[in-house]
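Descriptive structure summary
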Protein chains: 2
Amino acid sequence: MATSVVVVGEEVMRNKQVIFKDYVSGFLKESDMQVINGTLKLKLPEGSNGIVVKNLCLSCDPYMRNRMTRAEGPNLFTSFTPSSPLTGFGVAKVLDSRHPNFKKGDLIWGTTGWEEYSVITELEGLFKIQHTDVPLSYYTGILGMPGLSAYVGFYEVCSPKEGEYVFISAASGAVGQLVGQFAKLMGCYVVGSAGSKEKLSNFYLAYFKIKHYLFFVDLLKRKFGFDDAFNYKEETDLDAALKRYFPEGIDIYFENVGGKMLDAVLLNMKDHGRISVCGLVSQYNLDQPEGVQNLMCLIYKRIHMKGFVVSDYYNIYPKFLDVMLPYIREGKIMYVEDIAEGLESGPATLAGLYSGRNVGKQVVLIARE
Amino acid sequence: MATSVVVVGEEVMRNKQVIFKDYVSGFLKESDMQVINGTLKLKLPEGSNGIVVKNLCLSCDPYMRNRMTRAEGPNLFTSFTPSSPLTGFGVAKVLDSRHPNFKKGDLIWGTTGWEEYSVITELEGLFKIQHTDVPLSYYTGILGMPGLSAYVGFYEVCSPKEGEYVFISAASGAVGQLVGQFAKLMGCYVVGSAGSKEKLSNFYLAYFKIKHYLFFVDLLKRKFGFDDAFNYKEETDLDAALKRYFPEGIDIYFENVGGKMLDAVLLNMKDHGRISVCGLVSQYNLDQPEGVQNLMCLIYKRIHMKGFVVSDYYNIYPKFLDVMLPYIREGKIMYVEDIAEGLESGPATLAGLYSGRNVGKQVVLIARE
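Residues numbered from 1 in each chain as written. Chains lettered and ligands numbered in written order. Predicted model: local features only at pLDDT ≥ 70, side-chain atom pairs only at ≥ 80, totals over all residues. Heavy atoms only, no water.

Scanning chain A from terminus to terminus reveals nine helices and 17 strands. For 369 residues, the compact-globule estimate of 2.2 N^0.38 gives 21 Å, and the C-alpha radius of gyration of chain A, at 21 Å, lies within 12% of that figure. Expressed along its principal axes, the backbone C-alpha trace of chain A runs to roughly 70 × 45 × 45 Å. Counting every position in chain A, which comprises 369 residues, the buried fraction comes to 60%. Sequence-distant contacts in chain A: of pairs separated by 6 or more residues, those separated by 24 or more amount to 72%. Just so you have it, chain A exposes about 15200 Å², and 50% of that area is on carbon and sulfur atoms. Across chain A, 39 positive and 41 negative side-chain charges occur, with their mean positions spaced 3 Å apart. (Helix = DSSP H or I, 4+ residues; strand = E, 2+ residues; numbered from the N terminus. Rg over C-alpha atoms; globule rule 2.2 N^0.38 Å. Buried < 20%, exposed > 50% of the residue type's maximum accessible area, 1.4 Å probe, protein only. Contact = heavy atoms within 4.5 Å. Areas by Shrake-Rupley, 256 points an atom, 1.4 Å probe, with all protein chains shown as cover. Lys, Arg positive; Asp, Glu negative; His and termini not counted. Charge placed at Lys NZ, Arg CZ, Asp CG, Glu CD.)

Right, let's talk about helix H2 (residues 174-185) of chain A for a bit. Residues and elements named next belong to chain A. The terminal C-alpha atoms of H2, which comprises twelve residues, lie 17 Å apart, in line with the 16 Å expected from a rise of 1.5 Å per residue. The set of residues buried in H2 consists of Ala174, Val175, Gly176, Gln177, Leu178, Val179, Gly180, Gln181, Phe182 and Ala183. Looking at the buried residues of H2, the elements they touch are helix H1 (145-158), strand E10 (165-168), strand E11 (189-194), strand E13 (250-255), helix H8 (317-329) and strand E17 (361-365). (Expected span 1.5 Å × (residues − 1).)

Time to look at the interface of chain B and chain A. Chain B puts 36 residues into the contact, and the matching count from chain A is 36 residues. Both sides of the chain B and chain A interface together cover about 3000 Å² of buried area, and 61% of this is carbon and sulfur. A per-residue breakdown of the area chain B buries against chain A is headed by Gln293, Ile299 and Tyr300 of chain B, which together make up 21% of the total. Applying the counting criterion to the chain B and chain A interface returns two salt bridges. Taking the shortest distance from any N to any O, the salt bridge between Asp312 of chain A and Arg302 of chain B comes out at 2.7 Å. Where the side of chain B that touches chain A is concerned, the elements lending two or more residues are helix H6 (260-268), strand E14 (269-277), helix H7 (296-300) and strand E15 (304-307) of chain B. (Buried area = accessible area lost by both parts, 1.4 Å probe. Salt bridge = Lys/Arg side-chain N within 4 Å of Asp/Glu carboxyl O.)

What follows covers the sheet that holds E13 of chain A. Overall, mixed pairing links the twelve strands, which are arranged E12(A)-E11(A)-E10(A)-E13(A)-E14(A)-E15(A)-E15(B)-E14(B)-E13(B)-E10(B)-E11(B)-E12(B) in an open sheet. The open sheet is flanked by strand E12 (228-231) of chain A together with strand E12 (228-231) of chain B, the only strands paired with a single partner. Pairwise comparison of adjacent strand axes, ignoring direction, gives a mean angle of 15° for this sheet. The pairing of E10 of chain A with E11 of chain A spans four bridges and is classified as parallel. Of the residues in E11 of chain A, the one forming a bridge with Val166 of chain A is Val190 of chain A. Contacts from helix H1 (residues 145-158) of chain B reach strand E10 (165-168), strand E13 (250-255), E14 and E15 of chain B within the one sheet, and its direction differs from that of E13 of chain B by about 145°. On top of the sheet, H6 of chain B reaches E10, strand E11 (189-194), E12, E13, E14 and E15 of chain B; it is set at about 150° to E14 of chain B, its chief contact. (Pairing = 2+ DSSP bridges. Axes fitted to C-alpha atoms, helices over the stretch in contact; angles between N-to-C directions.)

Each copy superposes on the other: chain B lies on chain A with an RMSD of 0.0 Å after a rotation of 180° and an axial shift of 0.0 Å. Look at the turn and shift together and you get a two-fold axis relating the two. By C-alpha distance to the rotation axis, the residue of chain B lying nearest is Gly291 of chain B, at 1.7 Å. Taken as a fraction of all interface residues of chain B, those also at the interface in chain A reach 100%, which identifies the copy contact as same-surface. (Least-squares fit on C-alpha atoms with pLDDT ≥ 70 in both.)

The next point concerns the side chain of Asn55 of chain A. All names here are of chain A. Mapped onto the elements of the fold, Asn55 is located in strand E4 (residues 51-59). Asn55 sits in the buried class, given a relative accessible area of 0%. A polar contact of 2.9 Å, which involves the side chain of Asn55, links it to the side chain of Ser118. (Polar contact = N/O pair within 3.5 Å; in protein donor to acceptor, adjacent residues only side chain to side chain.)

Right, let's get into helix H5 (residues 238-245) of chain B. Each turn of an α-helix holds 3.6 residues, which means side chains three or four residues apart point in the same direction. Residue and element names in this part refer to chain B. Within the sequence span of H5, burial applies to Leu238, Ala241, Leu242 and Tyr245. Seen along its axis, H5 keeps its buried residues to an arc of 95°; they face one direction. Looking at the packing, one finds that the buried side of H5 touches E10, E11, E12, E13 and H6. Between a side-chain oxygen at the N-terminus of H5 and the backbone nitrogen of Asp239 the separation is 3.1 Å; the capping residue is Asp237. (Arc of directions from axis to C-beta.)

As a further point, take the domain arrangement of chain A. All names here are of chain A. As far as domains go, chain A holds domain 1 (7-140 + 336-365) and domain 2 (145-310). The C-alpha-based centres of domain 1 and domain 2 are spaced at 28 Å. When domain 1 packs against domain 2, the two sides together hide about 1700 Å² of surface, and 59% of this comes from carbon and sulfur. The interface formed by domain 1 and domain 2 includes zero salt bridges. Between domain 1 and domain 2 we count seven residue pairs in polar contact (both at pLDDT 80 or more) in total. Class assignment for the residues of the side of domain 1 that touches domain 2 results in nine nonpolar, eight polar and six charged. (Domains from an automatic or database assignment. Nonpolar A, V, L, I, M, F, W, Y, C, P; charged D, E, K, R; others polar.)

Under the defined criterion, the tally for this structure stands at 46 aromatic pairs over all chains. Ring plane angle 70° and centroid distance 6.2 Å describe the contact between Phe20 of chain B and Tyr23 of chain B, whose orientation is recorded as edge-to-face. Members of the aromatic cluster, joined through ring pairs, are Tyr63, Phe89, Trp109, Phe127, Tyr151, Phe154, Tyr155, Phe182, Tyr314, Tyr317 and Phe320 of chain A. Over the ring of Phe102 of chain A we find Lys128 of chain A; its NZ or CZ atom is 5.9 Å from the centre of that ring. (Phe/Tyr/Trp six-rings, centres within 6.5 Å; stacked < 30°, edge-to-face > 60°. Lys NZ or Arg CZ within 6 Å of the ring centre and 35° of its normal.)

All names here are of chain A. The buried fraction of E4 amounts to eight of the nine residues, a majority that puts the element mostly inside the structure. Where E4 lies against strand E6 (residues 87-97), seven bridges are found, and the strand directions are antiparallel. Bridged to Leu58 within E6 is Gly90. Note: E4 against strand E8 (residues 117-120), four bridges, orientation antiparallel. Considered in E8, the bridge of Val52 is made with Val119. Where E4 and E17 come together, three bridges link them in antiparallel fashion. Counted as the bridge partner of Cys57 is Leu365 from E17.

Residue and element names in this part refer to chain A. The interhelical angle for the contact between H1 and H8, taken along N-to-C directions, is 95°, at an axis separation of 11 Å. Taken together, H1 and H8 sit at an angle that is classed as roughly perpendicular. Facing H1, whose interface residues are Gly147, Leu148, Tyr151 and Glu156, H8 presents Tyr317, Lys319, Phe320 and Val323. Class assignment of the residues belonging to the contact of H1 with H8 gives a composition of five nonpolar, one polar and two charged. (Parallel < 35°, antiparallel > 145°, perpendicular 65-115°, else oblique.)

Residues and elements named next belong to chain B. Packing of H1 against helix H2 (residues 174-185) brings their axes to within 8 Å, and their N-to-C directions diverge by 45°. What the angle tells us is that H1 and H2 run oblique. Here H1 runs over H2; the crossing is right-handed. The segment H1 lies against H2, with Pro146, Gly147, Ser149, Ala150, Tyr151, Phe154 and Tyr155 engaging Ala174, Val175, Leu178, Val179, Phe182 and Ala183. Here the residues of the contact of H1 with H2 sort into eleven nonpolar, two polar and no charged. (Left-handed = near helix turned anticlockwise from the far one by under 90°.)

Let us now look at unusual backbone geometry. Residues and elements named next belong to chain B. For Ser83, which is not glycine, the phi dihedral falls at a positive 70°. Along the polypeptide, Ser83 turns up in the loop between strand E4 (51-59) and strand E5 (84-85). Positive phi outside glycine occurs at Ser159, with the angle close to 45°. Along the chain, the position of Ser159 falls in the loop between H1 and E10.

This is the structure in C-alpha cells:
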C-alpha cells in the first residue's frame, strides 16, 4: 500500500487517496483505481515554495481517460503515474502556504490530487476563488475549466451569429449544457444529443415528472432551453437523425465526442460551417481510434475545423467571470451537477462518466469545508 | 455510338469526343472512357445565349474522379452524365457567340467539354484570356484553377509567416509545385512528397541527368527550389519519414492527398499549425474512404484545418494574375507541365493521374489554334 505523510505541527494525518493502479487499455473500470489510506504531514518544510490544501471537491472530466494511457510522443497529455493518486481539477482550501500569492484559509481551484490533502508545488493555473455566493463546486464546472472551455470554444472558435443552426454533442455534460445556453442567448437554433444512462435516479425522474426515455430530451429542452434534443443511443442512423433535426443543415458543431457522430455531422454541415473541437470522448477508451471517413466534406462545404486547449485562454478568465457570475445570479444560465459523495465513490463515479451515467457535470464531493 | 451535331453555315463537322461510359467503382481505368466520332453544327440558333468553341487543351484534375461516382446527397459535385462527354477545365477559342461578353476569336478558359468542339451555355466561371505571351496551356494550370487554388489555399487559408515549416503532398502536381514556390518566396522551409511513376520518360531523365529513383527529389529541389523532398512510395513509415524531414514539426500542411498521409502529418504538426485542405486524391478511387484516426491531435496541437473551393475566390482572379504574370515572365516561378498529345490520349492520360504517371501538371493538347 502506497503511503504519503504530512504533519500539522507534530501530527501525521490520515490521507485517503484514489490511486491510479496502472496504465489502462480499453474501457476504464472502477477496479483500475483503488482507494487507500495514506498519511501526510500538513506542515511544509522551510524552503518550499508550495501550498498544502484540503481538497473539497473533485472534477470528473472526460480528458482524464487520456492520461491513463501510456503517453507516446512529446505532444500529448502527461500520463498519470502508476501507483500514485490521480490528479485533476478540484476546489480546495489552503491549510499552509510558503508562496506569497496564497495564504491559509484561501479557497482555490485548479489542479490538485484525488486525495483528502495535497501538497501543490506547481501553482501556475491555480486560481483564487473570490466569489463564494455560488456553490464552491461550480468552480469545477460552470466557473472553472469546463465553463471557460464552453465560452472560448463557442465564442472564440465558432464566430456564432444570430439565427444560426447549432448542434452540440454530449449536451448534458458540463461543457455542452453551457454551450447550448450561450447559443440560445445569441438567438441560435440549438439541438443537443446525449446518451441516456440505463437507470436514472428517482430524484431526477420525480423532479421532471417524466418517463425515463424522455428524460434527456426534457432536461435539455425544459431546463436548458434547447430547441430540440435526442438520445443518440436510441438512433440507429445518426445521419438520418441529424437530417430530421437539421433539414437545412448545421452552421456550428460543438464537438465533444468524435468518431461516428463526427462522420454523421460532416454530412450535415452547411457550407462555411464551423466545428469547434473540444473533446472526442467516444474515442478515449478505444485502443485504436475509429477512423473518420467523411473529411472530403471539409472541402465541398468549406468547413473550418479547429481544436483548442482551454489553458491557452486562462488570461481571459477574469473577463469570463464578469460575464458568467451575473448570468448565474440572475438565473439566465441554468446549471445541473451530478454530485457523488465521498472520495470512496471516486473510482465508480469516474468510470461511469464514459458510459454516460452522469446527468450534468459530474463532481465528487470530499468535504464541505 | 452517341452523336452530336454542329454546322458551320451548312456544314456538319466531325466532333471527336471522350465519352464517360458509366459510373465508376474503384480505380479509374482507361476503359471507363471511350473516344467516339460525334458530329456538331458550329452555328448557334437564334435565341441562344451561349457560345461555340474549338477546344485547344484540356486539364486533367484529380477532382474529376469524384464526378465519376454516382453523387449522393445535395452537397457534392454533380456527377458526369453516363454516355456523355466528360467536362472539365480547358482553354478554347470562340467560333460563334450569341453572348455580349464573348466574340468570335476570343480565347477563353473555364469549363468545357472533352471534345473537339463544344457548345457552352453556362458562361459563369468562363474567363477571357488577355495575355498570350505565355503558353495557352498555362491557363489550365499556373494561370487557371490550380494556380488560383495554390494561391488562395496557401496565402488566404494558411496565414504563412517567414521561417515557418511547410509540408506539401502531391508536390509535383499543378498545385503542389506552386505552393512550394510561394512558400520559398516567403522564406519558409519547404519539403514536398510525391509518388514517382514506374517509368519516367527518357526526356526527363536526360534533362535532369539523374537516376530514376532520384528524379522526384531532384525535380522538387533543383527545379522548384524545395529544401527537401521524398517519394512517399519508397517510405514504409510515413510518420518516421516526416520526423526525419521535420524534426521540429510542421507549421503548415498543404493537403492534397488525405488518408494515411494526413494521419502521419497530424502526428507531426506543431502547436497552432494550419492545414489547408485542397484535395484528398488518395481517396477518390476508393469505394470507402480510409478513416483518419489521429484527429485528437487537432485538440492537443490547437490545429486549424480548413477546406476551400477555389470558385469562391474567382473575384480575386485579376489580382492573382497581376501577381503571377510578372513571376512567370521574370522566371521567379518555374512551372512543369506533362503534355499528352491528342484527344485520343485523353482516357489513358486521365487514368494515369491517379497512379502518379504524370510529372507536373497533366494537360491534354487537342489543337494548337
